[in-house]
Every structure is written in structure tokens, then in C-alpha cells.
Amino acid sequence: MAEPVTEPMSGAIPTRPAYQPAGVNPVRRLGSKYSLRLWSVRNARTLEWVYTTFSDMLLSFHWLWNLIGYHRVERPIVFIEKNVKGLLFDCRMCGQCVLSDTGMSCPMNCPKSLRNGPCGGVRANGNCEVEPDMPCVWVQAWNGAQRMRSKSNIETVQGPVDQSLRGTSAWLRVTAERANARRPAAND
Ligand code: SF4
């Protein structure tokens, strides 16, 4: 049933439009905005392989990043990471990438920033409660995860986002962490 429309008092500024068509997002984004991110989910398995290979390649250059200094390569790497992942995943540069656990669907595109599954408001058509034109990132995450080798990764419980890492390179962080992790083994 349509909501009753209250007439604004003469001279008063209306706080919301007098008529809001049902199911239309007031902050509507272009449908094309989602097409690449949906492509990434459809190709999650290929991207998983690309990511794993790329991650190994970055690790093989750990000596170089160390030589130059991680803090010096951070800026150019962030530039590349932001643009590549921005294009493919609508990445928000949270700095703690979980794409490999979320079917290549970035959870930071969830308007509620949920990192551990969908809220209870997913629409019957699989779209978001807050942005009705947008496919729910967690429905997409589940679809993408089913296509990946590491499909059970989606069951991983993600920790809270460390806001101090926002805007930093997840690629470099993972590389440094992997290099650190293999250091004790090398000393055995
Ligand atoms: S999880 Fe974070 S780093 Fe990864 S794509 Fe999403 S915003 Fe970017």
C-alpha cells in the first residue's frame, strides 16, 4: 500500500521526496557498475589461480622489496593495487584482503560492511536490502566460492577490520607475512 504523502508547510524544505517508487534505490548506481565485479565472481576459479600465481611471484621478489624497503615500494604498489582491484572487484582498499575467502566478491561493498556473511535482509531476487539495485555481495560470495578450489574458505571467520590499515597494500602485507612465516623453516 502506498505511504500517505504529507504536504510540506509553505516555505518549509521537504526532507524527502514526495514520491518514492517502490524498489528503487535513492542512491541508484548504474547497472554497469556491477558488471565487472559480477564477471570476477563468475570467473572466481581463474582469478583464484591468477591470484595464487601472482602472490607467489611477489613472494619470490621479497629480497628486492627488502632491499628497496617495503615502505618505499608501498606507494607505487598501492597505486597499482587500487586500480586493478578497483576495476575488477570495486575494491575499497581495506588493507586486509579476504577475496580468496569470499568467492572473489569484496565484502566491503556491503553497505553494512559485513565480513562474515549476509544480514537477514537479502531480497528474494538476491539483491541488497539497502541498495535494491545491487546484487548482495554475500550471495555473490557464495556463488563465487562454489567455483573455487578452496571453496570451504568461505567458512573462515573473519576478524574485525583494522581501520589503521585502510589504504595500505594487502599484497605487500601478505608477501611480508609469508616471507616471515617461512623464515624459521629456512633456519632449521
Ligand atoms: S577485501 Fe579489502 S582489500 Fe580486498 S577487495 Fe575488498 S576492500 Fe579491497
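The notes below deal with the structure included here. (Residues numbered from 1 in each chain as written. Predicted model: local features only at pLDDT ≥ 70, side-chain atom pairs only at ≥ 80, totals over all residues.)

## Some remarks on the environment of Ala176
Next, step 1: As for its placement among the helices and strands, Ala176 is situated in helix 6 (residues 170-187).
Next, step 2: Judged by local crowding, Ala176 falls into the partly exposed class, with 17 C-beta atoms found within 10 Å.
Next, step 3: Sequence separation of Ala176 and Trp65 is 111 residues, and the distance between their C-alpha atoms is 9.1 Å. (Helix = DSSP H or I, 4+ residues; strand = E, 2+ residues; numbered from the N terminus. Buried ≥ 20, exposed ≤ 12 C-beta atoms within 10 Å, placed from the backbone.)

## Let's talk about the packing of helix 1 (residues 35-42) against helix 4 (residues 70-89)
Next, step 1: Two elements in contact, helix 1 and helix 4, have axes whose closest approach is 6 Å; the angle formed by their N-to-C orientations is 85°. Taken together, the axes of helix 1 and helix 4 are roughly perpendicular relative to one another. Residues Leu36, Arg37 and Ser40 of helix 1 touch helix 4, and the partners they reach there are Leu87, Leu88 and Phe89.
Next, step 2: Grouping the constituent residues of the contact of helix 1 with helix 4 by class yields four nonpolar, one polar and one charged. (Axes fitted to C-alpha atoms, helices over the stretch in contact; angles between N-to-C directions. Parallel < 35°, antiparallel > 145°, perpendicular 65-115°, else oblique. Contact = placed C-beta atoms within 7 Å. Nonpolar A, V, L, I, M, F, W, Y, C, P; charged D, E, K, R; others polar.)

## Examining the nonpolar core
Next, step 1: Within the largest apolar cluster, 26 residues are counted, with the highest numbers of intra-cluster contacts made by Leu99, Met104, Cys106 and Val137.
Next, step 2: Taken together, the elements giving at least two residues each to this core come down to helix 2 (44-60), helix 5 (137-147) and helix 6.
Next, step 3: Looking at this core, the element that brings in the most residues is helix 5, giving four residues.
Next, step 4: Setting aside residues up to four positions removed in sequence, Val137 forms contacts with Ser105, Cys106, Pro107, Asn109 and Cys110. (Core = buried A, V, L, I, M, F, W, Y, C linked by C-beta atoms within 7 Å.)

## Focus: unusual backbone geometry
Next, step 1: Despite not being glycine, Asp90 has its phi angle at roughly 55°, a positive value.
Next, step 2: Within the secondary structure, Asp90 sits in the loop between helix 4 and helix 5.
Next, step 3: A count of 17 C-beta atoms within 10 Å places Asp90 in the partly exposed class.
Next, step 4: At Ser113, a residue that is not glycine, the phi angle is positive and equals roughly 55°.

On their own, these measurements won't tell you what the molecule is for.
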